[in-house]
Amino acid sequence: RDEELRDLLLAIPLARLRHQPFLAGLLAVTLNAEESHRMRAVQYFGVALWGVRYRRSRATAEEKVVLDVLESAALRLTGSSRGLARTRAAAEALDGTDDRLADLAPQIVLLRNQTAVSLFRLGYAGEALTVLDAALEPRAGEVDHPLHHTFSIQAGVLAHVGAMHLAEEMCARADALDWPSG
């Protein structure tokens, strides 16, 4: 069923997705998950980047945060070393107490995780760890969220910077969680 939906959406011409960066980005991430589709994923990331830049000026505060994270992830996944300004803007917005982001509460941890990975890949491990620490301490009003990915990403960043004991601690915390099957 998921594949049917993906194939249906992939039948939409790329040019028609220019004004739909969220959909183009979602399709890009889906394609990027399979090595045989990575070249096609790059095309969708390109369309998503164009759409992000086109849409940003008219976006709400919530949309701007998601657009910043999407742009950062698209640049990261296509091997670009650009995007630090947008990544930092996303980190700052996600760390703020802006009530305009209340509707994003269920996605805040995912957005923080992606922002942290981008910061890490851009060479800012310390900033990445700060963002991940924030993801581990939900703000008032945020819904319960699984921390599987946050612990795993944090363990990897900590290992990279040589904090092996802390990395092992994060791995143990991740292992102690109930992981979904599959």
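Residues numbered from 1 in each chain as written. Predicted model: local features only at pLDDT ≥ 70, side-chain atom pairs only at ≥ 80, totals over all residues. Heavy atoms only, no water.

Describe the pattern of salt bridges, listing the residues and the values that go with them.
By the definition in use, this model includes 9 salt bridges. Measuring nitrogen to oxygen at the nearest pair gives 2.9 Å for the salt bridge that ties D68 to R56. Of this pair, D68 sits in helix α4 (residues 61-77) while R56 sits in the loop between α3 (38-55) and α4, and the two are 12 residues apart along the sequence. Grouping residues by exposure puts D68 and R56 together as buried. Among the salt bridges present, the one from R56 reaches E71, with a minimum N-O distance of 2.7 Å. Of the two residues, R56 is situated in the loop between α3 and α4 and E71 in helix α4; the sequence distance between them amounts to 15 residues. There is no split in this pair, since R56 and E71 are both buried. What emerges from the salt-bridge pattern is a single network uniting R53, R56, D68, E71 and R86. (Salt bridge = Lys/Arg side-chain N within 4 Å of Asp/Glu carboxyl O. Helix = DSSP H or I, 4+ residues; strand = E, 2+ residues; numbered from the N terminus. Buried < 20%, exposed > 50% of the residue type's maximum accessible area, 1.4 Å probe, protein only.)

Explain the environment of S36 to me, using residue names and the numbers behind them.
Tracing the backbone through its elements, the reader meets S36 in the loop between α2 (21-32) and α3. Residues S36 and V109 lie 73 residues apart in sequence; the distance between their C-alpha atoms is 29 Å.

Can you explain the packing of helix α7 (residues 125-136) against helix α8 (residues 148-160)? Please cite residues and give values.
With their axes 10 Å apart at the nearest point, α7 and α8 run at an angle of 155 degrees to one another. Here α7 is positioned roughly antiparallel relative to α8, judged by the angle of their axes. Both α7 and α8 take part in a crossing whose hand is left-handed. Here α7 contributes A125, L129, L132, D133, A135 and L136 to the contact with α8, which in turn contributes T150, F151, I153, Q154, V157 and L158. Residues belonging to the contact of α7 with α8 are distributed by class as follows: 9 nonpolar, 2 polar and 1 charged. (Axes fitted to C-alpha atoms, helices over the stretch in contact; angles between N-to-C directions. Parallel < 35°, antiparallel > 145°, perpendicular 65-115°, else oblique. Left-handed = near helix turned anticlockwise from the far one by under 90°. Contact = heavy atoms within 4.5 Å. Nonpolar A, V, L, I, M, F, W, Y, C, P; charged D, E, K, R; others polar.)

Let's hear about the nonpolar core: which residues, and what values?
Side chains that are nonpolar tend, in soluble globular proteins, to be buried together. Core analysis: the biggest nonpolar cluster contains 18 residues, and L132, F151 and V157 have the highest contact counts within it. For this core, the elements supplying multiple residues, two or more each, are α6 (108-121), α7, α8 and α9 (164-175). With 6 residues, α7 is the largest single contributor of residues to this core. When near neighbours in sequence (up to four residues on either side) are disregarded, V157 contacts F120, A125, L129 and L132. Counting residues in hydrophobic clusters, the runner-up holds 14 residues, among them L17, A24, L27 and Y44. (Core = buried A, V, L, I, M, F, W, Y, C linked by side-chain atoms within 4.5 Å.)

Treat this as a map of the structure, not an account of what it does.
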